[in-house]
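Examining the three-dimensional arrangement
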Amino acid sequence: MFHSLALAAAFLAPSPGMAGGIAALDIRGAQVSSNGFARTSDAVARVMQDLAGPAVDGKSLTFFVQSVADNRFRATLGKGRIGIDSPAAMAARPPKKIHSITVPIPPAASGIALPPVEGARDGARPLVVIDAGHGGHDPGAINKETGQREKDVTLNIAQAIRDELVKSGRVRVALTRSDDRFLVLQERYGIARKMGADLFISIHADSAENEEAHGATVYTLSETASDREAARLAARENKADIINGVNLGGQSGDVSSILIDLTQRESMNVSASFARLLQREASPYVPFRTAYHRFASLIVLKAPDTPSVLFETGYISNTADAAFLSSREGQRKIATGAARAIEVHFARKLAMN
Ligand code: ZN
């Protein structure tokens, strides 16, 4: 049985950046069951997707846009194969289907594959899900001089924390990804929720224009950002779901604005206390910033019932931090600190019960 997927696109102008701008549109998982709509200033494109049947997992639709000569573009327009809007018209009118193609897609698979659980064998032990930020087509932040990529650093650190937790055997642990693959933000916390995780830690490395900026920061969820920097960080990290203007996460256009459910309050309190504990236990090993705990509306922390933190382990844009984050030694230190915090966190919880 096949389900069809309709894709509508409107192009503003044949700009030179366009061929690179929308090289491929990778439509994944259940996220496309709602319409994606996005417009970026440099890719000058708008793409919507409608899914007629159930969503699929792990299948992709590739959509190529090629630069052509001006006269050929006009000729194509004349045939009515693609539509053209002025930027003003685009903003004024509701999204309209201008051109559609139908692509057969194989039957739906049964959702995201859950990763293996490692560490303590006792199923009653708490489960920690460690999420290595970014991956696949999304490299995250990049060090301009060395080319070090956030997605590699986060994977190595996540694996180092996993190894440390497995070694002590006090908790169960799983990684959202253990290779260089892309996951949308909902899949990341979705894995934690499906597995019934007791704690979710998303690992990242920060970047800033100011190359002097250094040190680690722990972020927890809040509807209102603690400061402008926190708001900027949320905007940057939430954009992981948007590739070339296409929102893979299927969220509304404004991903930086998220609503927080009342049921999240309790999780948010536990998350905040873990953030303080992480700094306390890890600071002998990892340099933290003075204002080490900040609040931001980060989609990856949005699981209502799972205490969650986003750990910006340092600045990949800073020479010393980048070297620390990329070294085995640095990764081991971060892992030691994080594992101590995790174990103290659950020991406390146990003592309170
Ligand atoms: Zn990141």
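Let me sum up the structure you'll find in this document. Small disclaimer: the values here were computed from a predicted structure and weren't measured. (Residues numbered from 1 in each chain as written. Predicted model: local features only at pLDDT ≥ 70, side-chain atom pairs only at ≥ 80, totals over all residues. Heavy atoms only, no water.)

**Examining the nonpolar core**
Where we set the bar: Nonpolar cores were defined as sets of buried Ala, Val, Leu, Ile, Met, Phe, Trp, Tyr and Cys residues, with membership established by side-chain atoms within 4.5 Å. Throughout, exposure labels follow a simple rule: accessible area from a 1.4 Å probe, protein chains only, divided by the maximum for the residue type, with under 20% read as buried, over 50% as exposed, and the rest as partly exposed. We call two residues contacting when some pair of their heavy atoms lies within 4.5 Å.
If you look at the biggest cluster of nonpolar residues, it comprises 41 residues, and the most contacted ones within it are Ile-130, Ile-161, Ile-201, Phe-274, Phe-311 and Ile-342. Residue contacts for Ile-342: discarding those within four places in its chain leaves Val-128, Ile-130, Ile-161, Leu-165, Val-171, Leu-199, Ile-201 and Phe-274.

**A few points about the packing of helix H4 (residues 150-168) against helix H9 (residues 328-352)**
For clarity, the cut-off: Whenever a helix is involved, its axis is fitted only over the stretch in contact; in every case the axis is a line through C-alpha atoms, and angles between N-to-C directions fall within 0 to 180 degrees. The secondary structure listing takes helices from DSSP runs of H or I that are at least 4 residues long and strands from runs of E that are at least 2 residues long, numbered from the N terminus. Should an angle lie under 35 degrees it is considered roughly parallel, over 145 roughly antiparallel, and from 65 to 115 roughly perpendicular; all remaining angles are considered oblique. In a left-handed crossing the near helix is turned counterclockwise from the far helix by less than a right angle, and in a right-handed crossing that turn is clockwise. Polar here means any residue other than Ala, Val, Leu, Ile, Met, Phe, Trp, Tyr, Cys and Pro, which are nonpolar, and Asp, Glu, Lys and Arg, which are charged; Gly is therefore polar.
Between H4 and H9, the least distance of the axes is 8 Å, while the angle of their chain directions is 50°. Considered as vectors, H4 and H9 are oriented oblique to each other. In this structure, the crossing between H4 and H9 has a hand that is right-handed. Along the contact surface, H4 presents Asn-156, Ile-157, Ala-160, Ile-161, Glu-164, Leu-165 and Ser-168, while H9 presents Gln-331, Ile-334, Ala-335, Thr-336, Ala-338, Ala-339, Ile-342 and Glu-343. Residues that form the contact of H4 with H9 fall into these classes: nine nonpolar, four polar and two charged.

**Observations regarding the packing of aromatic side chains**
Between two aromatic rings, the relevant description is the distance of the centres plus the angle of the planes. The test is simple: In this analysis, rings of Phe, Tyr and Trp, with Trp reduced to its six-membered ring, are considered paired at centre separations within 6.5 Å, and the interplanar angle assigns stacked below 30 degrees, edge-to-face beyond 60, and tilted for intermediate values.
A complete count under the given rule lists two aromatic pairs for this structure. Judged by centre distance (6.3 Å) and plane angle (85°), the ring pair of Phe-288 and Tyr-292 falls under edge-to-face. Given the relative accessible area of 16%, Phe-288 is considered buried. Connected via pairs of aromatic rings, a cluster forms that spans Phe-288, Tyr-292 and Phe-311.

**Remarks on the coordination of the zinc ion**
Note the cut-off: Counted as donors are N, O and S atoms no farther than 2.8 Å from the metal, or 3.2 Å for Na, K and Ca; water is not among the atoms, and sites may therefore look incomplete.
Around the zinc ion, the protein contributes the donor atoms His-134 (NE2), Glu-150 (OE), His-204 (ND1), Glu-237 (OE) and Glu-237 (OE), at 2.1 to 2.4 Å from the metal centre. Read in sequence order, the donor residues for the zinc ion give the motif H-x15-E-x53-H-x32-E. One end of the pair, Glu-150, is in helix H4; the other, Glu-237, is in helix H6 (residues 228-238), and 87 residues separate them in sequence.

**Observations concerning H6**
Applicable threshold: Along the arc lie the directions from the helix axis toward the C-beta atoms. In the analysis that follows, any N or O atom pair within 3.5 Å is treated as a polar contact, provided that within protein one partner can donate a hydrogen and the other can accept it, and provided that, for residues neighboring in sequence, both atoms belong to side chains.
Those residues of H6 lying buried are Ala-230, Leu-233, Ala-234, Glu-237 and Asn-238. The buried residues of H6 all sit within an arc of 120° when viewed along its axis, so they share a single face. Among the exposed residues of H6, those pointing more than 90 degrees away from its buried face are Arg-228 and Arg-232. Where H6 is buried, its residues touch H4, helix H5 (185-194), strand S8 (199-206), strand S9 (216-221), strand S12 (288-296) and strand S13 (308-315). Residue Asp-227 occupies the N-cap position of H6, its side-chain oxygen lying 3.1 Å from the main-chain nitrogen of Glu-229.

**Section: the pattern of salt bridges**
Rules: Each salt bridge in this description consists of a side-chain nitrogen of Lys or Arg and a carboxyl oxygen of Asp or Glu lying within 4 Å of one another.
Applying the stated criterion across every chain, the model contains 16 salt bridges. Among the ionic pairs, Glu-281 bridges to Arg-280, the shortest N-O distance being 2.9 Å. The network of salt bridges with shared partners includes Asp-227, Glu-229, Arg-289 and Arg-294.

**Re the sheet that holds S12**
Let me state the cut-off plainly: Strands were regarded as paired on the criterion that DSSP finds at least two bridges between them.
Spatially, S5-S7-S6-S8-S13-S9-S12 is the arrangement adopted by the seven strands of the open sheet, whose pairing is mixed. Only two strands of the sheet have a single neighbouring strand rather than two, namely strand S5 (118-119) and S12. Here three bridges tie S9 to S13, and the two strands are oriented antiparallel to one another. In the sheet register, Thr-217 faces S13, and the bridge partner there is Glu-312.

**Some points on the packing of helix H8 (residues 319-326) against H9**
Remark: H8 packs on H9, axes separated minimally by 4 Å, with the N-to-C direction vectors making an angle of 80°. Overall, the two elements H8 and H9 adopt an arrangement that is roughly perpendicular. Contact residues: H8 offers Phe-324, Leu-325 and Ser-326, while H9 offers Arg-328, Gly-330, Gln-331, Lys-333 and Ile-334. A class-by-class count of the residues in the contact of H8 with H9 yields three nonpolar, three polar and two charged.

**Remarks on the pairing of strand S6 (residues 127-132)**
This is how the line gets drawn: For crossovers, right-handed means that the path from the first strand over the helix to the second runs clockwise, given strands pointing away from the viewer.
Counting buried residues along S6, six of its six residues qualify, which places the element largely inside the surrounding structure. Burial of S6 is two-sided: the residues Leu-127, Val-129 and Asp-131 facing one way and the residues Val-128, Ile-130 and Ala-132 facing the other way are all buried. In this sheet, strand S7 (residues 172-175) lies alongside S6 in parallel orientation, the contact comprising four bridges. From the neighbouring strand, Val-129 faces S7, where its bridge partner is Ala-174. Each parallel crossover has a hand, and the one from S6 via H4 to S7 is right-handed. In this sheet, S8 lies alongside S6 in parallel orientation, the contact comprising five bridges. Across the sheet, residue Val-129 finds its bridge partner in S8, namely Phe-200.

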